[in-house]
Amino acid sequence: MNELDEDLWREAGGVLFEASSSPLYVMATDGRFLMGNQALADRIGVPLERLPETGFGPSVHPDDLEFVRAQFAAAAAGEVRRYHARGRHSDGSVFHSRVVNAPVYRDGQIVAVAGIAQDMDELEGVQRTLHRTESRLRSTLDGIGDAIAFVDGDWRLTYLNRAAGMLLGGAPDELVGLVIWDLELPDPAGEAMLRETMATRRPLVSRRFDEGLQRWMEISAFPAGDLLGIQVRDVTELENARRRIQDDSRLLHARSMLMDQSRDAIVMRGLGDVIEYANVSAARMFDAGDPSDLVGRSLRDVLGMSDSDARTTEAALGREGIWRGDLTLRPDTGAELVTENYWVAVDGPDGSPDAVFCIITDVTERRKQDALVVRTQRMESIGTLASGIAHDLNNVLTPLMLSTQLLASGESDPKRARILEAMLQTVERGSDMIRQVLTFARGVEGERVVVDVAGLAKRFAEFCHDTLPRDIVVETTIDEGLAVLGDPTQLLQVLMNLATNARDAMADGGALRLRATGDDGRVVIEVSDDGTGMPADVLARVFEPFYTTKGIGHGTGLGLPVSQAIARTHGGSLDATSAPGRGTVFRLELPRTEPGGGEDATEGEIRMPELDGLRVLVVDDQDDIVHAATLVVETAGGVALGASDATSAREVLAGERVDVVVSDLVMPGVSGRRFLDHLEAEHPSTPVVTMSGVPEQGTLAAQRPNVRAALDKPFTSERLLDAIRLAAGRT
């Protein structure tokens with residue numbers, strides 16, 4: 001705990017000490033109070049400032065004094081004591097306390113005893129109050145005519161009221177503990193509903209006609225903490241009333257208060273599609289000043305129904321007399337609505353249909369929330385998947401990167417050097433892709449260095465030259481002296497994503513332009529193309545995760561969301577403007593910083609720092625990584641030792657002098673973390689460099705005292721050698 005945390009801890013402890021309603025105290029080992037809170041002073045009846053003149057003896061009941069003294073002596077000797085004892089107020093009245101005494105150490109010596117004395121009389125009063133409340137609740141539930149019961153996760157009854165006992169044919173106390181399915185309930189549909197609620201934790205309601213009882217029964221199932229609540233209600237009268245209402249005049253039925261109070265839009269139209277009645281919610285949904293303003297209008301026109309939707313609904317009404325389904329409506333207001341619909345043909349006095357009764361529920365926001373939940377769940381799955389495969393993929397890329405750099409460092413043939421450079425760039429791009437997915441799905445941050453915008457644009461142009469068709473012309477215009485603080489790899493990934501989207505929008509070629517300007521502490525990078533452009537509905541969703549207009553197998557729908565997420569983590573923004581036939585402009589804004597002293601986002605020559613004979617032990621369960629890393633160490637003038645697991649590494653350490661250990665964090669058998677524990681205990685003076693395929697693992701390991709550097713896979717030869725030199729104190 002650092003000094004700030006210790007100060008905060010002391011301040012928080014002081015606040016709790018003074019605010020506690022239970023007596024808190026610190027006593028000397030001879031039984032005198034050194035300090036106490038106001039609750040203690042009130043308990044024993046002395047002023048707070050006189051507590052140091054008082055011991056615990058006068059506040060203890062005489063019959064318990066010897067017992068309390070023995071408990072205090074044990075605490076003063078180093079034990080934590082918990083016990084119950086009686087006390088005595090200054091007026092002679094007796095109280096009961098639950099006491100905890102614990103020794104206080106300073107420099108290894110017991111200097112005081114701290115304690116708390118909770119009022120058991122108050123606690124028992126609370127328990128009695130809870131018991132009375134529970135008794136009243138049970139009486140209330142027993143007085144309800146509905147049958148109410150609760151079952152646990154094993155379907156065992158935990159509570160039934162009197163009505164539930166009568167329904168199940170037994171006394172509630174006798175039925176508690178039984179599995180509900182053992183009672184042979186004759187309702188398969190109700191059983192399915194209960195099982196669904198237990199599995200999904202969503203409340204459900206089912207209504208059916210009980211042939212045995214000749215009554216309409218409604219069963220409600222709802223989650224109640226870790227239990228499942230079941231309510232069975234006799235709704236015969238409600239059901240009969242509903243049926244009588246259907247037989248009443250449709251005008252009386254349409255104008256009832258129930259309809260006007262409904263949140264759903266309720267409309268009655270004639271067979272000719274003319275609205276005869278609309279409730280208040282219908283007027284609100286379709287932006288009418290009053291329900292009467294809708295009467296006489298065509299329902300199809302008010303809803304903005306398409307011809308195909310109209311044919312579907314009319315066919316269902318004519319065939320079955322009822323239609324249920326979803327409609328995407330575009331009413332006169334212009335705002336698109338997603339609705340759930342229940343339409344039913346209503347018979348007239350002669351028994352033939354003469355109107356259609358429509359209930360229209362606006363579920364636009366609910367569907368948006370459902371879609372957001374689905375997207376969130378997909379992103380959580382992406383995060384879990386990305387974390388799971390990042391380690392394995394980075395293990396594959398690490399030996400490729402190290403080996404390619406080794407080959408490139410000694411290659412004199414320009415053509416072969418070009419091939420090796422392309423291979424190295426490919427490995428780096430694979431690593432970048434893994435990092436971008438982790439950045440978007442898990443919030444993994446990249447490095448922050450000064451990035452020269454001109455250098456960034458140069459790499460962008462090189463990428464476009466290597467990957468875009470020759471009929472796409474790339475133009476870059478950069479103001480002088482522009483720099484931002486950020487991760488050069490992530491920023492280049494944003495520009496690469498924009499270039500890829502531009503390529504897909506210019507199937508017949510065109511111009512791709514990058515323009516960078518600076519003003520008012522901001523750098524603005526605009527990437528524009530001569531492509532087909534986007535309509536407004538596509539543009540509105542272009543940054544949604546997984547949304548893509550490309551065919552299956554041609555796009556993931558993550559490129560632009562990832563790019564926007566990167567821009568936001570850099571304190572900036574990414575927006576787009578577009579129109580069909582006018583191309584697209586993406587505008588990336590980032591905070592501006594002073595140039596120089598950082599990453600210029602350009603490729604440099606391969607550097608191989610010298611190790612000057614350092615003895616380095618490389619530990620990794622991947623033989624390719626061990627082999628490549630040891631070659632790098634040897635090439636740099638070090639002595640390389642290799643081990644494929646922690647057990648082998650221990651044997652090497654026992655028989656060889658090792659200056660630096662480079663160890664993976666995820667290994668079978670003895671894990672990397674347990675190996676670090678061993679190094680910290682048995683070889684505390686040996687510095688360690690960790691390797692990991694998941695960035696946050698290395699960050700956690702770097703907090704250990706013997707870990708001097710952490711490498712995220714894949715890493716370059718330079719980073720490996722720099723880390724080894726840093727750990728050995730040679731930088």
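Above: the structure in question.
Worth saying up front: this structure is predicted, and the values here are computed from it rather than measured.

Enquirer: Any chance you could explain the overall build of the chain here in plain terms?
Expert: A tally of regular secondary structure across the chain gives 24 helices and 27 strands. Considering only contacts within the chain whose residues lie at least 6 apart along the sequence, 54% involve residues at least 24 apart.

Enquirer: Would you take a moment to explain helix α13 (residues 307-320) for this structure?
Expert: Residues lying three or four places apart along an α-helix face the same way, a consequence of the helix completing one turn every 3.6 residues. Taking 1.5 Å per residue, 14 residues should reach 20 Å; α13 reaches 20 Å between its end C-alpha atoms and fits that length. Listing the buried residues of α13 in full gives A310, T313, A316 and L317. End-on, the buried residues of α13 take up no more than an arc of 135 degrees, which puts them together on one face. Exposed and facing more than 90 degrees away from the buried side of α13 are D307, R311, G318 and R319. Phi turns positive one or two residues past the end of α13, at G321, with a value near 80 degrees.

Enquirer: What is the right way to read the pairing of strand β14 (residues 337-347) from this model?
Expert: In regular strands, side chains alternate between the two faces of the sheet. With 8 bridges joining them, strand β13 (residues 322-329) and β14 adopt antiparallel strand pairing. If you follow L329 over to β14, its bridge partner there is L337. In this sheet, strand β15 (residues 353-362) lies alongside β14 in antiparallel orientation, the contact comprising 9 bridges. Considered in β15, the bridge of V346 is made with A355. Between β14 and β15, which pair antiparallel one after the other, the connecting turn spans 5 residues, and G351 there sits at a positive phi close to 90 degrees.

Enquirer: Just to check I follow, could you spell out the sheet that holds strand β4 (residues 94-106) for this structure?
Expert: What holds strands together in a sheet is hydrogen bonding between their backbones, with the strands either parallel or antiparallel. A sheet is described by the order of its strands in space; here 5 strands give the open sequence β2-β1-β5-β4-β3, paired in antiparallel fashion. The sheet terminates laterally at β2 (33-36) and β3 (81-88), the two strands that pair on one side only. The mean angle between the axes of side-by-side strands here comes to 30 degrees, regardless of whether they run parallel or antiparallel. One ladder, built from 8 bridges, connects β3 with β4; its direction is antiparallel. What sits directly across from R88, in β4, is V94. Relative to the sheet, helix α3 (residues 65-76) contacts β1 (24-27), β3, β4 and β5 (109-119), its axis offset from that of β3 by approximately 145 degrees.

Enquirer: Help me out: how do you make sense of the environment of A646 in this one?
Expert: Relative to the elements of secondary structure, A646 occurs in helix α21 (residues 646-655). When the C-alpha atoms of A646 and G669 are compared, they prove to be 8.0 Å apart, with 23 residues separating the residues in sequence. Leave out the neighbours within four places in its chain, and A646 touches V619, M667, V670 and F675.

Enquirer: Would you explain the nonpolar core in this entry?
Expert: Soluble globular proteins tend to pack their nonpolar side chains together in the buried interior. Membership of the largest hydrophobic core comes to 41 residues, with the highest contact counts inside it found for F460, L512 and I525. Secondary structure elements with two or more residues in this core: α16 (453-467), α17 (488-505), β19 (510-519), β20 (522-529), α19 (559-569), β21 (573-578) and β22 (584-591). Among the elements that take part in this core, α17 stands out by supplying 8 residues, more than any other. In this structure, I525 is in contact with V453, L495, L514, R515, A516, F586, R587 and L588, ignoring residues within four places of it in sequence.

Enquirer: Whenever I open this one, the pattern of salt bridges confuses me. Can you help?
Expert: Close approach of charged atoms allows side chains with opposite charge to pair. Taken as a whole and assessed by the stated rule, the structure comprises 35 salt bridges. A salt bridge links R195 to E191, with the shortest nitrogen-to-oxygen separation between them at 3.2 Å. Residue R195 and its partner E191 are both found in helix α7 (residues 188-200); the two are separated by 4 residues, about one turn of the helix. By relative accessible area, R195 is classed as partly exposed at 38%. Here E340 ties to R366 by a salt bridge, and the two come within 2.5 Å at their closest N and O atoms. Taken together, the residues E340 in strand β14 and R366 in helix α14 (residues 364-409) connect sequence positions 26 residues apart. It is possible to trace a salt-bridge network through shared partners that takes in R207, E218, E239, R242 and R243.

Enquirer: Explain helix α24 (residues 717-727) to me, please; I cannot follow it from the model alone.
Expert: Most of α24 is tucked away: 8 of the 11 residues are buried. G729 sits one or two residues past α24 and shows a positive phi near 75 degrees.

Enquirer: Honestly, the packing of aromatic side chains in this entry has me stumped. Any pointers?
Expert: Geometrically, a pair of aromatic rings is defined through the distance of the ring centres and the angle of the planes. Enumeration over the complete set of coordinates arrives at 9 aromatic pairs. Here F67 and Y83 contribute two aromatic rings whose centre-to-centre distance is 5.6 Å and whose plane-to-plane angle is 90 degrees, an arrangement assigned as edge-to-face. Here Y83 lies in strand β3 and F67 lies in helix α3, a separation of 16 residues in the sequence. What makes F67 partly exposed here is its relative accessible area of 37%.

Enquirer: Just to check I follow, could you spell out the sheet that holds strand β10 (residues 227-234) for this structure?
Expert: The 5 strands lie next to each other as β7-β6-β10-β9-β8, forming an open sheet whose pairing is antiparallel. Edge positions in the sheet fall to β7 (157-160) and β8 (204-210), since each of these pairs with one other strand and no more. The sheet shows a mean angle of 20 degrees between the axes of neighbouring strands, direction not considered. The pairing of β8 with strand β9 (residues 215-224) spans 7 bridges and is classified as antiparallel. Paired with R207 across the two strands is E218, which belongs to β9. Across the sheet, α7 touches β6 (147-151), β8, β9 and β10, and the angle it forms with β9 is around 15 degrees. Running over the sheet, helix α8 (residues 236-247) touches β8, β9 and β10 and is turned about 115 degrees from β9.

Enquirer: Can you walk me through the packing of α16 against α17 in this structure?
Expert: For any two helices packed against each other, one specifies the inter-axial angle together with the distance between the axes. Relative to each other, α16 and α17 sit at 40 degrees, their axes nearing to 10 Å. Comparing their axes, α17 and α16 come out oblique. Crossing of α16 over α17 shows right-handed handedness. Judged by residue contacts, L456, R459, F460, F463 and C464 of α16 engage P488, L491, L492, L495, M496, A499 and T500 from α17. Here the residues of the contact of α16 with α17 are counted per class, giving 10 nonpolar, 1 polar and 1 charged.

Enquirer: Would you explain the pairing of strand β23 (residues 615-619) in this entry?
Expert: With respect to burial, β23 is a largely interior element, 5 of its 5 residues being buried. In this structure, β23 lies alongside strand β24 (residues 639-643), joined through 5 bridges in parallel fashion. Among the inter-strand pairings, L617 is bridged to a residue of β24, identified as L641. Sheet topology places β23 next to strand β25 (residues 660-664); 4 bridges connect them, and they run parallel. Within the sheet, the bridge partner assigned to V619 lies in β25 and is S663.

Enquirer: For this particular structure, what's the right way to read the environment of L514?
Expert: Relative to the elements of secondary structure, L514 occurs in strand β19. With 36 residues separating them in the primary sequence, L514 and I478 have C-alpha atoms 8.0 Å apart. When near neighbours in sequence (up to four residues on either side) are disregarded, L514 contacts A457, F460, E475, T476, T477, I478, L495, I525, E526 and V527.

Enquirer: What is the right way to look at the packing of helix α20 (residues 623-635) against α24 in this model?
Expert: The interhelical angle for the contact between α20 and α24, taken along N-to-C directions, is 70 degrees, at an axis separation of 10 Å. Here α20 is positioned roughly perpendicular relative to α24, judged by the angle of their axes. You can see that α20 and α24 cross each other, and the crossing is right-handed. When α20 is examined against α24, the residues A629, V632 and V633 are found in contact with a partner set consisting of S717, L720, L721 and I724. When grouped by side-chain class, the residues that make up the contact of α20 with α24 number 6 nonpolar, 1 polar and no charged.

Enquirer: Before we go on, may I ask you to explain unusual backbone geometry in this structure?
Expert: Across residues other than glycine, the phi torsion is negative in most instances, and most of the peptide bonds are trans. With an omega of -10 degrees, the peptide bond between K713 and P714 qualifies as cis. Within the fold, P714 resides in the loop between β27 (707-712) and α24. Here D107, not a glycine, exhibits a phi torsion of approximately 55 degrees, which is positive. Inspection of the secondary structure assignment puts D107 in the loop between β4 and β5. Although it is not a glycine, D287 sits at a positive phi angle of roughly 55 degrees. The residue D287 is located in the loop between α11 (280-285) and α12 (299-303) in this model. Relative accessible area serves as the criterion here: at 61%, D287 is assigned to the exposed category.

Calculation notes
- Residues numbered from 1 in each chain as written.
- Predicted model: local features only at pLDDT ≥ 70, side-chain atom pairs only at ≥ 80, totals over all residues.
- Heavy atoms only, no water.
- Helix = DSSP H or I, 4+ residues; strand = E, 2+ residues; numbered from the N terminus.
- Contact = heavy atoms within 4.5 Å.
- Expected span 1.5 Å × (residues − 1).
- Buried < 20%, exposed > 50% of the residue type's maximum accessible area, 1.4 Å probe, protein only.
- Arc of directions from axis to C-beta.
- Pairing = 2+ DSSP bridges.
- Axes fitted to C-alpha atoms, helices over the stretch in contact; angles between N-to-C directions.
- Core = buried A, V, L, I, M, F, W, Y, C linked by side-chain atoms within 4.5 Å.
- Salt bridge = Lys/Arg side-chain N within 4 Å of Asp/Glu carboxyl O.
- Phe/Tyr/Trp six-rings, centres within 6.5 Å; stacked < 30°, edge-to-face > 60°.
- Parallel < 35°, antiparallel > 145°, perpendicular 65-115°, else oblique.
- Left-handed = near helix turned anticlockwise from the far one by under 90°.
- Nonpolar A, V, L, I, M, F, W, Y, C, P; charged D, E, K, R; others polar.

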